[in-house]
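Remarks on the overall topology
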2 protein chains.
Amino acid sequence: MYLCSIMARNKEFDIAERLGKAKDLFWEKGYNATSMHDLVDTMKLNPGSIYGTFGGKHQLFMESLKMYCAQSLVHYENAATKAKSPLDAIKAIIQKAIERAFTEDKACLLVKSSFELAKSDAEAHALLKQESAALISMLEKLIRLAQAADEINPNKDAKTMATFIVVSFAGFWQMQLLFNDETMVRNMSKLLLDSFR
Amino acid sequence: MYLCSIMARNKEFDIAERLGKAKDLFWEKGYNATSMHDLVDTMKLNPGSIYGTFGGKHQLFMESLKMYCAQSLVHYENAATKAKSPLDAIKAIIQKAIERAFTEDKACLLVKSSFELAKSDAEAHALLKQESAALISMLEKLIRLAQAADEINPNKDAKTMATFIVVSFAGFWQMQLLFNDETMVRNMSKLLLDSFR
DNA sequence: TACATTTTTGAATGATCATTCAAAAATGTA
DNA sequence: TACATTTTTGAATGATCATTCAAAAATGTA
């Protein structure tokens, strides 16, 4: 017995490419402020195609958030790869976050969505928690390496420091939104690193 | 010539009290997710009374945010007043922020609204910027006092440290929303203070 | 008490929301 | 080429949105 033995018409568009457009729109406007009409315009897809392919606004958002987080993590991993030591890798990730905040000119979708949805949307909350934990976990590993290399105070808790980096990122993005002062944020990133000594 | 020489009917409700109800609703749900119908229910006022008194949803939100920020500042000032030294005052404010995050169980309206509205609502952006600057300014003064008393490193920039406290608050609220782990946040607040040494 | 004026009431308005659906168009396989 | 099946299309749906408005109720002053 063959499943899908007759295929008929194929989709005319690239699913990942259109999901990318949806992701960018949610990123810019936030979940609630993005309407299906906006998505239809931006994705250049009719409602029927969006529902048939992605299921609906909420499922589309969840996939958008997953794509955003996966790409973010790649950005940070790439920045870390070029570094000469674990501490340099951590510094490179912090620099990358600041660079992103001021060039992309919109706040991290993960942070934005945490404040918008964590309390009201259990499904989104679970994903936000998981993706944040993944970023913290990546940083924690680097911090342990830096501690082993005696670049970071080995008496301080690695997970706490890793979380504090992510905590600072949220604030960096807020400061970018409100004051758009890159020098000030770079100065704060030095304080952040001082707390690891 | 008399303006309002004839007064006729007076308002049946207390404006500040109903504004407080609106503030609590915006605080819980965020601007976009709060509907006028929600406000009518919560404020126990008809649409006509809300429009006649406050002007509309946006103006009502702006007044709600002002009220929230004024009350926040009072909370922090009260916490600081009881302290024995400038550094103790700063510590008390940080403790108060964490205590608020975990007892109120919803993120600071100023932080939430920064991520929701800063990029799309110029009027809200101006107010958010102003209110954040006021909090930073209050902390900066305390830091300068602590530096004069040699409780905080006098070689570090007071404004940067003050801003870094507010930056950390944003992240503390995010962590409360996602992980609800008060111990972790308290540990991070120790790192924050370490960065001032 | 009379009444000019304000407040309250809640239905009405027109726009927009997410979602559904039936018909038309397209196409892989037989 | 024939056609079963899928995709596309975009109008239709019913709910909800912020806001307006006209009529009823209330009241301070004369």
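These lines cover the structure that appears in this document, whether it is placed above or below. (Residues numbered from 1 in each chain as written. Chains lettered and ligands numbered in written order. Predicted model: local features only at pLDDT ≥ 70, side-chain atom pairs only at ≥ 80, totals over all residues. Heavy atoms only, no water.)

With that settled, consider the overall build of chain A. Across its full length, chain A carries nine helices and zero strands. The N-to-C order of helical and strand elements in chain A reads α-α-α-α-α-α-α-α-α. By the burial criterion, 54% of the 197 residues in chain A qualify as buried. Across chain A, contacts joining residues at least 24 apart in sequence account for 68% of those joining residues at least 6 apart. Surface exposure of chain A reaches about 9300 Å², of which carbon and sulfur atoms provide 52%. (Helix = DSSP H or I, 4+ residues; strand = E, 2+ residues; numbered from the N terminus. Buried < 20%, exposed > 50% of the residue type's maximum accessible area, 1.4 Å probe, protein only. Contact = heavy atoms within 4.5 Å. Areas by Shrake-Rupley, 256 points an atom, 1.4 Å probe, with all protein chains shown as cover.)

Glancing now at the relation of the copies chain B and chain A. Overlaying chain B on chain A yields an RMSD of 0.0 Å, the required transformation being a rotation through 180 degrees with an accompanying axial translation of 0.0 Å. In short, the pair behaves as if placed about a two-fold rotation axis. Ranked by how close their C-alpha atoms come to the rotation axis, the residues of chain B are headed by B:Ser195, at 2.1 Å. Same-surface contact between copies: 100% of interface residues of chain B are shared with the interface of chain A. (Least-squares fit on C-alpha atoms with pLDDT ≥ 70 in both.)

This next bit is on the protein's contact with DNA strand C. Among the 24 residues in the neighbourhood of DNA strand C, the closest are listed as A:Met36, A:Tyr51, B:Ala8, B:Arg9 and B:Glu12. Of what DNA strand C places within 4 Å of the protein, 73% of the atoms are sugar or phosphate. The contact in question runs from a phosphate oxygen of DNA strand C to an N or O atom on the side chain of A:Tyr51, over 2.4 Å. Residue A:Lys57 places a side-chain N or O atom 2.9 Å away from a phosphate oxygen belonging to DNA strand C. Among the secondary structure elements, those contributing two or more residues to the surface near DNA strand C are α2 (36-43) and α3 (47-54) of chain A together with α3 (47-54) of chain B. Considering only residue class, the surface near DNA strand C consists of nine nonpolar, 10 polar and five charged. (Near = heavy atom within 4 Å. Polar contact = N/O pair within 3.5 Å; in protein donor to acceptor, adjacent residues only side chain to side chain. Nonpolar A, V, L, I, M, F, W, Y, C, P; charged D, E, K, R; others polar.)

For the structure on display, the rule yields 16 aromatic pairs over all chains. Ring geometry for A:Phe169 and A:Trp173: centres 6.3 Å apart, planes at 85 degrees, overall edge-to-face. Of this pair, A:Phe169 and A:Trp173 both sit in helix α8 (residues 158-179), four residues apart, roughly one helical turn. The same class applies to A:Phe169 and to A:Trp173, which are both buried. A centroid spacing of 4.9 Å and a plane angle of 70 degrees characterise the contact between B:Trp27 and B:Tyr68, whose relative ring orientation is edge-to-face. With B:Trp27 in helix α1 (residues 15-29) and B:Tyr68 in helix α4 (residues 57-81), the pair connects residues that are 41 residues apart, well separated along the chain. Taken together, the ring pairs connect A:Tyr76, A:Phe169, A:Phe172 and A:Trp173 into an aromatic cluster. One Lys or Arg, A:Lys106, reaches over the ring of A:Trp27 and ends 4.5 Å from the middle of that ring. (Phe/Tyr/Trp six-rings, centres within 6.5 Å; stacked < 30°, edge-to-face > 60°. Lys NZ or Arg CZ within 6 Å of the ring centre and 35° of its normal.)

Let us now look at the layout of surface pockets. Reported here for the largest pocket is a volume of approximately 270 Å³. As for the largest pocket, its lining consists of 17 residues, and the residues nearest its centre are A:Glu28, A:Lys29, B:Glu116, B:Lys119 and B:Ser120. Among the secondary structure elements, those contributing two or more residues to the lining of the largest pocket are α1 (15-29) of chain A together with α6 (109-117) of chain B. It is α6(B) that provides the largest number of residues to the lining of the largest pocket, a total of four residues. (1 Å grid on protein atoms, 1.4 Å probe; cavity = no way out; pocket = protein on both sides within 12 Å on 5 of 7 lines; lining within 4 Å. Points joined across faces, edges and corners; volume = space filled by probe spheres on them.)

A separate point is the interface of chain B and chain A. With 44 residues of chain B at the contact, the number on the chain A side is 44 residues. For the pair chain B and chain A, the summed buried area comes to about 3800 Å², and 75% of that belongs to carbon and sulfur atoms. Linking chain B to chain A there are four salt bridges. For A:Lys119, the salt bridge is made with B:Asp105, and the minimal N-O distance between the two is 2.9 Å. (Buried area = accessible area lost by both parts, 1.4 Å probe. Salt bridge = Lys/Arg side-chain N within 4 Å of Asp/Glu carboxyl O.)

Take the packing of α4(B) against helix α5 (residues 86-104) of chain B next. Residue and element names in this part refer to chain B. Closest axis-to-axis distance for the α4/α5 pair is 8 Å, and the angle between their directions is 130 degrees. With respect to their mutual orientation, α4 and α5 come out oblique. When you trace α4 past α5, the crossing you get is right-handed. Taken together, the residues of α5 that come into contact with α4 (itself represented by Tyr-68, Ser-72, His-75, Tyr-76, Ala-79 and Ala-80) are Ala-89, Ala-92, Ile-93, Lys-96, Ala-97 and Arg-100. Split by residue class, the contact of α4 with α5 holds eight nonpolar, two polar and two charged. (Axes fitted to C-alpha atoms, helices over the stretch in contact; angles between N-to-C directions. Parallel < 35°, antiparallel > 145°, perpendicular 65-115°, else oblique. Left-handed = near helix turned anticlockwise from the far one by under 90°.)

Now for the packing of helix α4 (residues 57-81) of chain A against helix α6 (residues 109-117) of chain A. Working note: a packed helix pair is described by the angle between its axes plus the distance between those axes. All names here are of chain A. For the pair α4 and α6, interaxial distance at closest approach is 10 Å and the crossing angle is 145 degrees. Where α4 approaches α6, its residues Phe-61, Leu-65, Tyr-68 and Cys-69 are matched on the opposing element by Leu-109, Leu-110, Ser-113 and Leu-117. Considering only residue class, the contact of α4 with α6 consists of seven nonpolar, one polar and no charged.

It is worth spelling out α1(A) at this point. Residues and elements named next belong to chain A. Taking 1.5 Å of rise per residue, the 15 residues of α1 would be expected to cover 21 Å, and the 21 Å separating its terminal C-alpha atoms lies within 8% of that figure. Every buried residue belonging to α1 is among Arg-18, Leu-19, Gly-20, Ala-22, Lys-23, Leu-25, Phe-26 and Trp-27, and all of these are buried. Phi turns positive, to about 90 degrees, at Gly-30, one or two residues after α1. (Expected span 1.5 Å × (residues − 1).)

Moving on, we get to the protein's contact with DNA strand D. Near DNA strand D there are 23 residues, and of these A:Ala8, A:Arg9, A:Asn46, B:Met36 and B:Tyr51 occur at the shortest range. For DNA strand D, the fraction of atoms within 4 Å of the protein that belong to sugar or phosphate moieties is 74%. B:Arg9 is positioned with one of its side-chain polar atoms (N or O) 3.0 Å from a base nitrogen of DNA strand D. The side chain of B:Tyr51 places a nitrogen or oxygen atom 2.3 Å from a phosphate oxygen of DNA strand D. Elements with a contribution of two residues or more to the surface near DNA strand D: α3 of chain A together with α3 of chain B. When the residues that make up the surface near DNA strand D are grouped by side-chain class, the tally is nine nonpolar, nine polar and five charged.

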